Amino acid sequence: MTSIFEPVLADLGERQRDEILAAFAAVEHSPEPVPEAVAPGLRDATLRRSVAEMLHLIGRTLVRAGPGRWTSGYRDDVAARLTADGGNPLPLADRAVLTLVLVHSVAIPRTEGTLSGDSWVDGTPTPIEELQRRTQLPRGELRQSLGRLRAAGLVRVVPARLRPGTVPQNTAYLPGPQFHRLTETARRRLQEELILAAGPDTPLAAAIRRRRAPAATTERTAQ
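Residues numbered from 1 in each chain as written. Predicted model: local features only at pLDDT ≥ 70, side-chain atom pairs only at ≥ 80, totals over all residues. Heavy atoms only, no water.

A. Region of the structure containing the overall build of the protein chain. Of the regular secondary structure elements, the protein chain holds 10 helices and 6 strands. By the burial criterion, 40% of the 223 residues in the protein chain qualify as buried. Contacts in the protein chain between residues at least 24 apart in sequence constitute 52% of all its contacts with a sequence separation of at least 6. Working note: accessible area of the protein chain is about 13,300 Å², and carbon and sulfur atoms make up 54% of it. (Helix = DSSP H or I, 4+ residues; strand = E, 2+ residues; numbered from the N terminus. Buried < 20%, exposed > 50% of the residue type's maximum accessible area, 1.4 Å probe, protein only. Contact = heavy atoms within 4.5 Å. Areas by Shrake-Rupley, 256 points an atom, 1.4 Å probe, with all protein chains shown as cover.)

In structure tokens, the structure reads:
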């Protein structure tokens, strides 16, 4: 494996190589973003650039997931190629359930002004009862789908937030730690896709389609 990275590591001392390799392994395999405090290869800006160069060699990129916290994700160009033919490893039911979690936990609160920023991990927990009301899936299939999404790191279970006059709920869901791995471009693209799906006739959706139209025309011309 290290032979792939020799162009990056060749002129470094043993200690620097070890710190860079450890940081690389941490951002690639840790389910949560890695704090700089526990990874010298991320804390030092020069070493961090080397980690980013290593990731670039395998189609990945370093993603800042908050102050002093890092993870990795697919480079934007690689992600575009992987999804160019509509490929998606998730079953249709899982995609629908994940979309519900994203819409109710993040997209709607952000539209209402109760959630700021562009993170897709923070938000308002969506109780399973709300998901059940919004889907035609039988309850057992919904729970199975949520279980698969949780195992993939795409959703996480949190305590439900109680609202005045509501019955206490035992289980609620937020987007999972895999959403830390979205690049800035990917986060913006996801936001636009949910707008197009949830409000295709809104002025904002029309503006998104107008902005995308020239790019689509250019792609067809190039082909």
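B. Region of the structure containing the environment of Thr83. One can find Thr83 in the loop between helix H5 (76-82) and helix H6 (92-111). A polar atom in the side chain of Thr83 sits 2.9 Å from the backbone oxygen of Ala79. (Polar contact = N/O pair within 3.5 Å; in protein donor to acceptor, adjacent residues only side chain to side chain.)

C. Geometry of the sheet that holds strand E4 (residues 126-127). Spatially, the 3 strands line up as an open sheet ordered E4-E6-E5, and their pairing is antiparallel. Bordering the open sheet on either side are E4 and strand E5 (155-158), each of which pairs with just one other strand. Two strands pair when backbone bridges link them, and E4 and strand E6 (residues 172-175) are joined in this way by 2 bridges, in the antiparallel orientation. Note that in E6 the partner of Pro127 across the bridge is Ala172. (Pairing = 2+ DSSP bridges.)

D. Representation of the sheet that holds strand E2 (residues 60-64) in the model. The strand order across the open sheet formed by 3 strands is E1-E3-E2, and the pairing between neighbours is antiparallel. In this open sheet, the two edge strands, each paired with only one partner strand, are strand E1 (34-35) and E2. By the bridge criterion, 5 bridges tie E2 to strand E3 (residues 69-74) in an arrangement that is antiparallel. Pairing of Val63 across the sheet is with Thr71, part of E3. Its contacts with the sheet place helix H2 (residues 14-29) against E1, E2 and E3, and it is angled at close to 70 degrees to E3. Against the sheet, helix H4 (residues 45-57) contacts E2 and E3, and its axis sits at roughly 140 degrees relative to E2. (Axes fitted to C-alpha atoms, helices over the stretch in contact; angles between N-to-C directions.)

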